[in-house]
Amino acid sequence: MKFTRILLKLSGEALMSEDEQYCHSKLTALAQAIVQVTEMGVQVGIVVGAGNIFRARSANLEIVDRVTADNVGMLATVMNAAIVRDYLRGEGLQSRVLSPREQRPLTKSFARDEALELMNRGHVLLFAGGTGNPYFTTDSAAALRALEISADVLVKGTQVDGVYDKDPNKFDDAKRFEVLDYSQVIDQRLQVMDLTAVTLCEDQGLPMFVFDISDPQNLVKVIEGTQKGTWIKKES
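Below you will find a few notes about this structure. (Residues numbered from 1 in each chain as written. Predicted model: local features only at pLDDT ≥ 70, side-chain atom pairs only at ≥ 80, totals over all residues. Heavy atoms only, no water.)

The next subject is the nonpolar core. When a protein is soluble and globular, its nonpolar side chains tend to lie buried together. Among the nonpolar cores identified, the biggest contains 35 residues, and I6, I34, I46, L88 and V155 are the most heavily contacted of them. The biggest single contributor to this core is helix α1 (residues 24-39), with 7 residues. With residues up to four places along the chain from it excluded, the contact list for I34 reads V44, I46, L88, L93, V124 and L219. If you look at the next biggest cluster of nonpolar residues, it comprises 31 residues, including V47, L98, C201 and L206. (Core = buried A, V, L, I, M, F, W, Y, C linked by side-chain atoms within 4.5 Å. Buried < 20%, exposed > 50% of the residue type's maximum accessible area, 1.4 Å probe, protein only. Helix = DSSP H or I, 4+ residues; strand = E, 2+ residues; numbered from the N terminus. Contact = heavy atoms within 4.5 Å.)

Shown next as structure tokens:
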């Protein structure tokens, strides 16, 4: 598959190490890999989660209201996006953070036409703040933004090399899928992305590719078509 524009979904954990909330070496390697991707003629949008800072589902929901927790999580994604933006700029890329509502001085409000214009001018865009609404994850935000910018594919960088039938860190006999249909992910409730995101991609025919980004150079291999992972798409 030839890519001209991608949406990269990253977890907050992709930015951290065991003892650092933001790992300089990981962030530098990630920024350098994105530079290589842009030099290959591919436009890049990014959605970053906030698991390195805050997880709404891990909050004490007996005390903290779910809506409050989700809004705190969305704020945390703005923090992560701003950090990644500066690392990208440090590697010479033009980069900007867009969010559903402007949060000066870190973000500007997302508008599709402006986002497409910026991408066509070579900017790498970070889409922060989720969808702007509680009860929706950053997976859903990634699917939404990918569709809005007419991405060729939604690539999700994880800590394992694709989608398995069970946790490969716990089971030696876990089987990795090469290709899945959206319906298989939904019916089997495979832990890839939340079901809202998968359903949205299915409705619009947006393919997804799940791969291991613990080595950021794997992102370059995705563009080259040599990276091992799992495709999620319509059956041909």
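It is worth spelling out the pairing of strand β3 (residues 95-99) at this point. In terms of burial, β3 is a largely internal element, 4 of the 5 residues being buried. Here β3 runs beside strand β4 (residues 108-109); their pairing, made up of 2 bridges, is parallel. The partner of L98 across the bridge, within β4, is K108. (Pairing = 2+ DSSP bridges.)

Spatially, β4-β3-β5-β2-β1-β6-β8-β9-β7 is the arrangement adopted by the 9 strands of the open sheet, whose pairing is mixed. Every other strand in the sheet has two partners, leaving β4 and β7 (179-180) as the edge strands with one partner each. Pairing analysis gives 2 bridges linking strand β2 (residues 43-48) to strand β5 (residues 124-127), with the strands arranged parallel. In the strand pairing of β5, I46 is matched with L126. Set on the sheet, α1 makes contact with β1 (5-10), β2 and β5; between it and β2 the angle comes to about 150°. Of the strands in this sheet, β1, β6 (153-158) and β8 (208-212) touch helix α7 (residues 217-224), which is tilted by about 145° from β8. (Axes fitted to C-alpha atoms, helices over the stretch in contact; angles between N-to-C directions.)

What follows covers the packing of α1 against helix α2 (residues 66-90). Between α1 and α2, the shortest axis-to-axis distance is 9 Å and the interhelical angle comes to 60°. Here α1 lies oblique to α2, going by the angle between them. With respect to the hand of their crossing, α1 and α2 are arranged in right-handed fashion. Side by side, α1 and α2 meet where H24, L27, T28, A31 and I34 of the first sit next to I83, V84, Y87 and L88 of the second. The class makeup of the residues in the contact of α1 with α2 is 7 nonpolar, 2 polar and no charged. (Parallel < 35°, antiparallel > 145°, perpendicular 65-115°, else oblique. Left-handed = near helix turned anticlockwise from the far one by under 90°. Nonpolar A, V, L, I, M, F, W, Y, C, P; charged D, E, K, R; others polar.)

Glancing now at the pattern of salt bridges. Between side chains of opposite charge, a pair can form when the charged atoms approach closely. Applying the stated rule across the entire model yields 13 salt bridges. Linking K108 and E114 is a salt bridge whose minimum nitrogen-to-oxygen distance equals 3.5 Å. Classification of E114 by relative accessible area gives partly exposed; the value is 25%. Within this structure, K9, D139 and K156 form a network of salt bridges that share partners. (Salt bridge = Lys/Arg side-chain N within 4 Å of Asp/Glu carboxyl O.)

Across the interface, α1 lies against α7 with an axial gap of 8 Å and an inter-helix angle of 20°. Between α1 and α7, the interaxial angle falls into the category roughly parallel. Considering how the two elements wind past one another, α1 and α7 form a crossing that is right-handed. Along its contact with α1, which presents A33, I34, Q36 and V37, the element α7 presents Q217, L219, V220 and I223. Considering only residue class, the contact of α1 with α7 consists of 6 nonpolar, 2 polar and no charged.

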